[in-house]
Amino acid sequence: MALVSTNKKRIFLSPPHMSGKEQWYVNEAFRTNWVAPLGPNVDQFEQEMAKYSGTKGALATNSGTAAIHLALMQLGVGRGDIVFCSTLTFVASANPIVYQEAEPVFIDSDEDSWNMSPQALERAFIEAKKENRLPKAVLIVHLYGQNAKMDELSALCSHYGVPIIEDAAESLGTEYKGKKSGSFGEFGIYSFNGNKIITTSGGGMLISNEIEKLDKARNIASQAREPVPYYQHETTGYNYRMSNVLAGIGLAQLAVLDERVEAKRALFVRYKESLECLDGINFMPEVEGGKSNRWLTTLTIDEAVTGINISELIIALEKENIEARHVWKPLHAQPLFKGCQYVAHCEGDSVSERLFERGLCLPSGTGMAVDEQDRVIAVIEQYYAKSRKRQGGRICRSW
Ligand SMILES: *Cc1c(COP(=O)(O)O)cnc(C)c1O
């Protein structure tokens, strides 16, 4: 097949997938004139999210980033404090650390979860303890739907007495040892951005078992007004709440979340069964005790074995009107965080950098048709065969 521009229908990475019920909630908000920040949809969405995640409370925000910011504030993170943070993640995980004028220390991934390496975290704690600079919080990201190894990570954090914030923006619906992703730490956050497993077009959620802290966050998120009859302010607040119209979209989306998880997992299995036989291609594993929502199907392609350069493959897919992306570039390697400390999995072995070099995210929309997924698979297979032939290598399958 010639890789030329095509008028084939575009296959997006992870487009919104409406259930059809969203419009009813939006109309209802209009009919009752609850076109406001806050209202009955927000209250109900918070209650249902707390129930779903198995926490005592939830606070709806206008983004996942805002929810992270609120969590950091509630844990007292301020100027000059240290926060340990997963390095292999989207920049939004760490930006709120900077909003608080605190300092991120980036922690490497391990091979089997792609998430924060317990080994690297332990090394970071030992070093920090020696220097008497323990972090104020540890921010653990659950990447692409994979839950981090919370047993090991939680044990380390509680040993050093440091609270955990879980960035579960990508892992809503994921389970780990019978509990929902995001419900392990002092705080967990979700995102309902347009590309996430369910969406409100834009929004987020802060969850916690600590109702008092959640109530304080609620106050800070609505301009920090004191409980007096006039406008009185003693701390700096933010305008971080979710609108009642958007919470209505969230209610309808939450009702189909479990279906979406199954659909994402089925997409992953199909990709894996089609492509894993190719030498040098490896799919993201699933941690022991975890059930990933497989938000995005991700895999690694070893250039030394396959001759495939990820950036070139992304361009080849683009020529077929298929959207694929690199795995997140580690934050410690971002110009923005130049000079920040980084703790690798082991001395001289940076797992996150290797995952970035080799990693690829495939289209994982839950509305994707089987023949669309076949299109993606076919382009990769053909590209692989050409690269291998050029290299004089063996191909494990013929077609
Ligand atoms: C999407 C995302 C966020 C930010 O969520 P927004 O709702 O877009 O602010 C944070 N962390 C990770 C890992 C994400 O993927």
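Just so it is clear, the model here is predicted, and its values are computed rather than measured. (Residues numbered from 1 in each chain as written. Predicted model: local features only at pLDDT ≥ 70, side-chain atom pairs only at ≥ 80, totals over all residues. Heavy atoms only, no water.)

(A) Looking closely at the packing of helix α5 (residues 118–130) against helix α6 (residues 150–160). Relative orientation of the contacting elements α5 and α6 amounts to 10°, with a least axis distance of 9 Å. If you check the angle between α5 and α6, you find them roughly parallel. Note on element contacts: α6 touches α5 through E152, L153, L156, C157 and Y160, opposite P118, L121, E122, F125, I126 and K129. For the contact of α5 with α6, the class distribution of residues is 8 nonpolar, no polar and 3 charged. (Axes fitted to C-alpha atoms, helices over the stretch in contact; angles between N-to-C directions. Helix = DSSP H or I, 4+ residues; strand = E, 2+ residues; numbered from the N terminus. Parallel < 35°, antiparallel > 145°, perpendicular 65-115°, else oblique. Contact = heavy atoms within 4.5 Å. Nonpolar A, V, L, I, M, F, W, Y, C, P; charged D, E, K, R; others polar.)

(B) View of the pairing of strand β2 (residues 82–86). In terms of residue burial, β2 counts as a mostly covered element, since 5 of its 5 residues are buried. Burial along β2 is two-sided: the residues I82, F84 and S86 and V83 and C85 are all buried. Strand direction decides the pairing type here: β2 and strand β3 (residues 103–107), joined by 5 bridges, are parallel. By the bridge assignment for β3, V83 is matched with P104. Pairing between β2 and strand β4 (residues 137–141): 3 bridges, direction parallel. Each residue of the ladder has a partner; that of C85, found in β4, is L139. (Buried < 20%, exposed > 50% of the residue type's maximum accessible area, 1.4 Å probe, protein only. Pairing = 2+ DSSP bridges.)

(C) Geometry of the site of the ligand. Around the ligand lies a shell of 15 residues, among which T65, D167, E170, S191 and K196 are the nearest. In this structure, E170 approaches the ligand through a side-chain N or O atom, which is 2.6 Å from an oxygen atom. In the environment of the ligand, an oxygen atom lies 2.7 Å from a nitrogen or oxygen atom belonging to the side chain of S191. Starting from 380 Å² of accessible surface for the ligand in isolation, the protein chains cover 93%. Along the lines of polarity and charge, the residues of the shell around the ligand split into 4 nonpolar, 8 polar and 3 charged. (Near = heavy atom within 4 Å. Polar contact = N/O pair within 3.5 Å; in protein donor to acceptor, adjacent residues only side chain to side chain. Areas by Shrake-Rupley, 256 points an atom, 1.4 Å probe, with all protein chains shown as cover.)

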